[in-house]
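Chain by chain, the residues:
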Amino acid sequence: MEIRHFFFGFCAFCCFYGFVSTCKLKAKFKLSGYQAVEKKTVVVGGMFSVHNRLASKNINTTRNEGSSECEGFNFRTFRWTQTMLFAINEINNSDDLLPNTDLGYVIYDSCYTISKAVEGTLTYLTGTDEAVPNYRCGDGPPQAALVGAGGSDLSVATARILGLYHFPQVSYFSSCSNLEKTFQFPTFLRTIPNDKHQSSAIAKLVLHFGWTWVGTIASGDDYGKYGIKAFKDLVEEAGVCIAFAETLPKGNSPDDIQRIVKTIVESTAKIIVVFSSDVDLSPLIPELIQHNVTNRTWIASEAWITSALIMEPGVSAVLGGTLGFAIKRADIPGLQDFLLDLDPYDDALTEEFWETLFNCTLDYGKALQRSKAKAKGANSTHSRAERDVPDGLCTGREAIAKLSSTYSDVSQLRITYNVYKAVYSVAHALHNMEHCVDGKGPFYGKDCANISTFEPWQLMYYMKNVRFKVPHTGEEVYFTNGDVEPYYEILNWQFNDNDEISYVSVGHFNGSAAPEHSLTIANDSIVWINDVLEPPRSVCSENCQPGTRKGIRQGEPVCCFDCIPCADGEISNTTNARECILCGEDDWSNDAHDTCTPKIIEFLAFGEPLGITLIVISVFGALVTIAVAVVLIMNISTPLVKANDPLLSFSLLFSLVVTFLCSIVFLGEPKDWSCMTSQVALALGFALCLSSIMGKSVVLMFRALALKAIRNKLKAAAKAAKAAAEAAANNEGPDIIVTNTNNSNNNNTTVGANAEVDRLTFAQQRVIAVVATLIQAIACTVWLIVLPPHSIKNTSAQNIKIILECDEGSVVFICCIFAYDILLALMAFIFAFIARKLEDHFSEGKFITFGMLVFFIVWISFVPAYLSTRGKFMVAVQIFAILASSFGLLACIFLPKCYVLLIKPESNTEEMMKPRPKPRDSTGTSMSLATTATEIPSTTASTAIDD
């Protein structure tokens, strides 16, 4: 039998030697931590995220860089590491627990990354610095269990490896519910409660305060994903809506952080549940502070509720009033003294801690280089004493207690307490295994395991069944399917005036109690954000008040709806009304849309300021027109008044008085008679006005055309005389030029004073004006008989008003009537424009032209202004157009005459009414129009040529 065993052992040795000789080391892991295995009975493994991340490095494919180093020293997790050392030291010094066993330890830094956690696990299982999977190298003491590996993602990775070898693992920080699956993780245990209980606790808290509109933020690992998913399932089943769901990036990703901040700012959710570790959450906090994201209440998971990593200046304005769940807290006697009693020269990890804490270096060479660089930059020299002790050199005797740091703060020992319990659970399992009685063991044949040579699966049996009371606290610890009893303390962040935080306990959650009694919370003890004592409201949609109705949002949860205001003319007088009620025809909804009120009746009244202003302007215009007529009557015998038919001038003034006064009829509450009177008076008034102007301008046009023809004849005669004179001058003999010009009747002959120029008499002018006005009068009469204007109630122009206005009766009639006025205006303008260059001393054609231009400008401007207004302002715009055009005609046509009659009466003579001399033309003829009009019949020219 012994020979057989020897043979198989020899074969195995040969195979292993051949295997090793043909293997090549692919990479050497760079791991940091603590190790004490010499002369130890059993070794306990540990894994902590002493650093927050891997150091960045350039990827160089030309050579093997090996595994990355770590950076971002974490004082909190370093305290956990020291707590494991403290617990092992305490156990080794205990007379009751493992009195005959000396525990060793191997602790690695996982750098909060899966790769480093895997490296540490493989190295720990191998037992040497170089990991060899599936092999335990060396002859050192047996390995008991691994305490770690920190975050849930790290524990998932390590648990899958350790489970292959049935190697026990006790986690102090991995609470992800996914790790409860014993089929995938058969050897995983933990001293922190399962997250499914925390998700239930947060859900009960949200429902307790009636919050139905909640945002969620989760870390991008198993801890965040599974925790927030369980929370969502619970609250959505209870009718709570999720406003947004964001995931924190792993590593440095400013774009993702900015996107999350933007989502928070734009969301109306006042409650934000965060399932994340402090490391993953810490990049978000500065951005929230920078964007001043206040007025939000944060619900924290146990991973960051008491973390100092996120405590930055100004955090109180953002995270003040935070509520969160924390695991059990305990005081561990002697721990603080152990934490303060460190020798920085013991190992590299403690040295880095010391240099980071005190911002100095223990390396004299580095300190000297820094001092020289500083002196060079300052362009100064140092004394000999300073060169002996360079700046930035640690003495190694600095006092940790004098600095306020997370490492030495033992006021909130929660995860630290979990580490303490995890180490003691391994120790009690080893103790039970060591004190197994032969013949009563739990294994096959009732055997017991040997403490010096046990297998991992044997220790796993004792780990699952361990039950003990924690020293100093008396808490009983046991595992049920790998989990401990779920108990959380509810903490409230309260800041004092100096922005110093206090974690105030305001309740607790006991997952083992009945569901109705599991959550206990003291609402009065909570101080919310901005020191408010009342809990905030966070609902997806507030109740729809009277005046609105509920509108379903497509594709959104049922608790989310829009409160749609009732349309104009509709009301709702109940809360959360499904439909709005339509008001009657003469009623309208009030501003709140909860009551129907009578509509406002609107018209341009006489007594309101605008009406009074228009009346004053109208009366003033009529009075000015009458005053002009009086001036003309007083000067009726003067040449200026007699020129161009004074009767037409008076008819023009009368029409202007009519247009001024008819604008008053537009004011007041419209009646049938006022609608007919205003429209007809306006049409007839402008018809008489424009026909009178047309009668005047047509005479001026004919006069201008006749004078132009006479001027052309005169130019032709002058050219002929000049040609004859030039021919005689070119003759060889003496030239005799006889010119006989008879000017004897120069002052007596005037071509009948205008008899040959003015083709129309006064009577004909008047006939034109009367006929043009009569046509308009007939059209207006037909209009009044067939479809007369009438008053109406306009309820469609403005919803809240009933506008009393005049309806034209027939759009065709009104268009035809005012189109006729436009035709008269165009004809008057054309006639006056042709006569504008008549060389009178008093050019009435120019004044009429200007008056008609003003008339057209006013009414062209009136159209867009009229169409863009509603109600009484439409009437006001129409009256303004009437008054402006009337004042324009009055000023342009009659103001020059009044100026001459009143200011320059010496110019009111017959001579001033005659044509002016025309400047010399290109033929050299200087003959005035007066000479042209009086001397053409009596002027002859003859030329005699002496042979």
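### Some remarks on the overall build of the chain
Turning to step 1, where the next piece is worked out: Check the secondary structure of the chain and you find 26 helices and 27 strands.
Turning to step 2, where the next piece is worked out: Across the chain, contacts joining residues at least 24 apart in sequence account for 71% of those joining residues at least 6 apart.
Turning to step 3, where the next piece is worked out: Accessible area for the chain stands at about 46500 Å²; split by element, carbon and sulfur atoms hold 57% of it.

### Remarks on the state of the cysteines
Turning to step 1, where the next piece is worked out: Summed over all chains, the structure comprises seven disulfides.
Turning to step 2, where the next piece is worked out: The disulfide partner of C70 is C111, and the S-S distance across this bridge is 1.5 Å. Note on the C70 and C111 pair: the S-S dihedral is about 90°, so by sign convention the disulfide is right-handed. With C70 in strand β4 (residues 70-73) and C111 in the loop between β5 (103-109) and α3 (114-126), this pair connects stretches of sequence that are 41 residues apart.
Turning to step 3, where the next piece is worked out: You can call C111 buried: its relative accessible area is 0%.
Turning to step 4, where the next piece is worked out: Free of any disulfide, C815 has its nearest neighbouring cysteine sulfur in C816, separated by 6.9 Å.

### What to know about the sheet that holds strand β6 (residues 143-147)
Turning to step 1, where the next piece is worked out: Strand order in the open sheet formed by six strands is β1-β5-β2-β6-β7-β8, and the pairing between neighbours is mixed. Each end of this open sheet is capped by a strand with a single partner; those strands are β1 (33-36) and β8 (188-190). Neighbour-to-neighbour, the strand axes of this sheet turn through a mean angle of 25°, independent of strand direction.
Turning to step 2, where the next piece is worked out: Alignment of β6 against strand β7 (residues 169-171), held across two bridges, turns out to be parallel.

### Comments concerning the layout of surface pockets
Turning to step 1, where the next piece is worked out: The space that makes up the largest pocket amounts to roughly 1100 Å³.
Turning to step 2, where the next piece is worked out: Forming the boundary of the largest pocket are 43 residues, of which I814, F818, F862, Y866 and Q878 lie nearest the centre.
Turning to step 3, where the next piece is worked out: Elements with a contribution of two residues or more to the lining of the largest pocket: α20 (672-729), β26 (790-794), β27 (801-807), α22 (811-834), α23 (844-867) and α24 (872-903).
Turning to step 4, where the next piece is worked out: Taken together, the residues of the lining of the largest pocket sort by class into 31 nonpolar, seven polar and five charged.

### Considerations on the confidence of the model for the chain
Turning to step 1, where the next piece is worked out: When pLDDT is averaged along the chain, the result is 83; 86% of the residues meet or exceed 70.
Turning to step 2, where the next piece is worked out: Of all the helices and strands in the chain, helix α26 (residues 929-935) carries the lowest mean pLDDT, 40, while β7 carries the highest, 97.
Turning to step 3, where the next piece is worked out: For residues 920-947, every residue scores under 50 in pLDDT, and the model assigns this stretch 41 contacts once sequence neighbours within four places are set aside.

### Remarks on a negative patch on the surface
Turning to step 1, where the next piece is worked out: Side chains of D337, D341, D343 and D346 sit close together on the surface and give a patch of like negative charge.
Turning to step 2, where the next piece is worked out: Of note, D343 is situated in the loop between α11 (335-340) and α12 (348-358).
Turning to step 3, where the next piece is worked out: Under the relative-accessibility criterion, D343 is labelled partly exposed at 35%.

### Digging into the side chain of H431
Turning to step 1, where the next piece is worked out: Within the fold, H431 resides in helix α15 (residues 415-434).
Turning to step 2, where the next piece is worked out: Setting aside anything within four residues of it in sequence, one finds H431 in contact with D96, L97, L98 and P99.

### Considering the environment of M433
Turning to step 1, where the next piece is worked out: Position of M433 relative to the elements: it lies in helix α15.
Turning to step 2, where the next piece is worked out: C-alpha separation for the pair M433 and I451, spaced 18 residues apart in sequence, amounts to 6.9 Å.
Turning to step 3, where the next piece is worked out: Leave out the neighbours within four places in its chain, and M433 touches A449, I451, F454, L459 and Y462.

### Some words on the packing of aromatic side chains
Turning to step 1, where the next piece is worked out: What the rule picks out here adds up to 37 aromatic pairs.
Turning to step 2, where the next piece is worked out: Each ring, one from F209 and one from W211, has its centre 4.9 Å from the other, and the planes form 20°; the classification is stacked. Assigned by exposure class, F209 and W211 land together as buried.
Turning to step 3, where the next piece is worked out: What links up through ring pairs into an aromatic cluster is the set F686, F829, F833, F855, F856, W859 and F862.
Turning to step 4, where the next piece is worked out: For the cation-ring pair, K328 lies above Y487, with the distance from its terminal atom to the ring centre recorded as 5.3 Å.

Criteria and cut-off values
Starting from 1, residues in each chain are numbered consecutively following that chain's sequence as written. Local features in this predicted model are restricted to residues whose pLDDT is 70 or higher, and side-chain atom pairs enter the listing and the counts only when it is 80 or higher, whereas totals over whole chains, interfaces and linings include all residues. In computing side-chain properties, one takes all heavy atoms of the structure into account and sets aside hydrogens as well as water. By the criteria applied, helices consist of DSSP H or I runs no shorter than four residues and strands consist of E runs no shorter than two, each listed in order from the N terminus. Between two residues, a contact is recorded if the distance between any of their heavy atoms is within 4.5 Å. Computed with the Shrake-Rupley method and a 1.4 Å probe, the accessible areas treat only the protein chains shown as cover for residues. Put simply, a disulfide is two cysteine sulfurs that come within 2.5 Å. Under the scheme applied here, a residue whose accessible area is under 20% of the maximum for its type counts as buried, over 50% as exposed, and between as partly exposed, the area being computed with a 1.4 Å probe on protein chains only. Strand pairing requires that DSSP identify at least two bridges connecting the strands. Axis lines are fitted to C-alpha atoms, over the contacting stretch for helices. Their N-to-C directions set the angle, which ranges from 0 to 180 degrees. Definitions used throughout: a 1 Å grid over protein atoms alone; a cavity as a set of points that fits a 1.4 Å probe which cannot get out; a pocket as an open set with protein on both sides within 12 Å along at least five of seven lines; a lining residue as one with an atom within 4 Å of a point. Grid points are joined across faces, edges and corners, and a volume is the space filled by probe spheres set on the points. Ten residue types, Ala, Val, Leu, Ile, Met, Phe, Trp, Tyr, Cys and Pro, are classed as nonpolar, four, Asp, Glu, Lys and Arg, as charged, and the remainder, Gly among them, as polar. The pLDDT score gives, residue by residue, the confidence of the prediction method on a 0 to 100 scale. Only residues whose relative accessible area exceeds 30% and that take part in no salt bridge are eligible for patches, with like-charged residues grouped when within 9 Å of each other and nonpolar side chains (Val, Leu, Ile, Met, Phe, Trp, Tyr) grouped when within 5 Å. Definition used for salt bridges: Asp or Glu carboxyl oxygen within 4 Å of a side-chain nitrogen of Lys or Arg. Counted as positive: Lys and Arg. Counted as negative: Asp and Glu, with His and the chain ends omitted from the count. In this description, the location of a charge corresponds to atom NZ of lysine, CZ of arginine, CG of aspartate or CD of glutamate. What counts as a ring pair is set by centres within 6.5 Å for rings of Phe, Tyr and Trp (its six-membered ring), and what kind of pair is set by the plane angle: stacked under 30 degrees, edge-to-face over 60, tilted for all other angles. Only when the NZ atom of a Lys or the CZ atom of an Arg is both within 6 Å of the ring centre and within 35 degrees of the ring normal do we say a charge sits over the ring.

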